[in-house]
Amino acid sequence: QVQLVESGGGSVQSGGSLRLSCAASGSGYSIMCMGWFRQAPGKEREGVAAINRDGRTYSTESLKDRFTLSRNNAKNTLYLQIDSLKPEDTAMYYCAVRTVGGLACGPMVLPRQYNIWGQGTQVTVSS
């Protein structure tokens, strides 16, 4: 089983940057896809970006110019760099993995395709 712990969220002014981290730990699992998602109050959870086992990344088109995904394989950690933050980016940001095979991790990042989730880290952007 795999456990996911997010960190790096906080309060920041519009135009600032944050780097979110997701650390995976445990044993007896294989990660097929690993990604970041967000959910703002009153809205459905949406995919931000994901990465497959080969290091290929998939991003939501409207966010890809400000949201950058990276991975440190040695530390089993996935990062989300967010630049030029806007108030509308305010949301709970979740890390998730898919441990069952069958489908590709992209091109769209879909919450329903992920089976293990972290508890989330809050990002709040003020104007």
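Placed above this text is the structure.
First, a word on scope: everything that follows refers to the structure included in this document. Not measured: the values here are computed from a predicted model.

With respect to the pattern of salt bridges
One side chain can pair with another of opposite charge once the charged atoms of both are near each other. Applying the stated criterion across every chain yields a total of 4 salt bridges. Two residues, Asp-89 and Arg-38, come together in a salt bridge whose shortest N-O distance is 3.0 Å. With Asp-89 in the loop between strand S8 (77–82) and strand S9 (91–98) and Arg-38 in strand S4 (residues 33–39), this residue pair connects regions lying 51 residues apart in the sequence. Taken as a pair, Asp-89 and Arg-38 share a single burial class, namely buried. With its nearest N and O atoms 2.7 Å apart, the salt bridge here joins Asp-89 to Arg-66.

Some points on the layout of surface pockets
Picture a little ball the size of a water molecule; that probe, rolled over the atoms, points out where space is still empty. Within this model, the largest pocket holds a volume of roughly 220 Å³. Taken together, 14 residues line the largest pocket, and the ones lying closest to its centre are Ile-31, Met-34, Arg-71, Asn-73 and Asn-76. Listed by contribution, the elements that provide at least two residues to the lining of the largest pocket are S4, strand S5 (46–52) and strand S7 (67–72). When its residues are assigned to classes, the lining of the largest pocket shows 7 nonpolar, 5 polar and 2 charged. Roughly 160 Å³ of internal volume is contained in the second largest pocket. Arg-45, Glu-46, Gly-47, Ser-59, Thr-60, Glu-61, Pro-107, Met-108, Val-109, Leu-110 and Pro-111 together form the lining of the second largest pocket. Its residues assigned to classes, the lining of the second largest pocket shows 5 nonpolar, 3 polar and 3 charged.

Digging into the state of the cysteines
Evaluated as defined, the whole model comprises 2 disulfides. Note that Cys-33 is cross-linked by a disulfide to Cys-105, the S-S spacing being 1.9 Å. One quick way to see it: the torsion about the S-S bond of Cys-33 and Cys-105 is about -90 degrees, and its sign makes the bridge left-handed. Of this pair, Cys-33 sits in strand S4 while Cys-105 sits in the loop between S9 and strand S10 (116–117), and the two are 72 residues apart along the sequence. Classification of Cys-33 as buried rests on a relative accessible area of 0%. Residue classification places Cys-105 among the buried positions, given a relative accessible area of 5%. Shown here for the protein is a disulfide pattern of 1-3, 2-4, where each number marks a bonded cysteine counted in sequence order.

Cut-offs used in this document
Residues numbered from 1 in each chain as written. Predicted model: local features only at pLDDT ≥ 70, side-chain atom pairs only at ≥ 80, totals over all residues. Heavy atoms only, no water. Salt bridge = Lys/Arg side-chain N within 4 Å of Asp/Glu carboxyl O. Helix = DSSP H or I, 4+ residues; strand = E, 2+ residues; numbered from the N terminus. Buried < 20%, exposed > 50% of the residue type's maximum accessible area, 1.4 Å probe, protein only. 1 Å grid on protein atoms, 1.4 Å probe; cavity = no way out; pocket = protein on both sides within 12 Å on 5 of 7 lines; lining within 4 Å. Points joined across faces, edges and corners; volume = space filled by probe spheres on them. Nonpolar A, V, L, I, M, F, W, Y, C, P; charged D, E, K, R; others polar. Disulfide = S-S within 2.5 Å.

Functional significance is not addressed by these values, which are geometric in nature.
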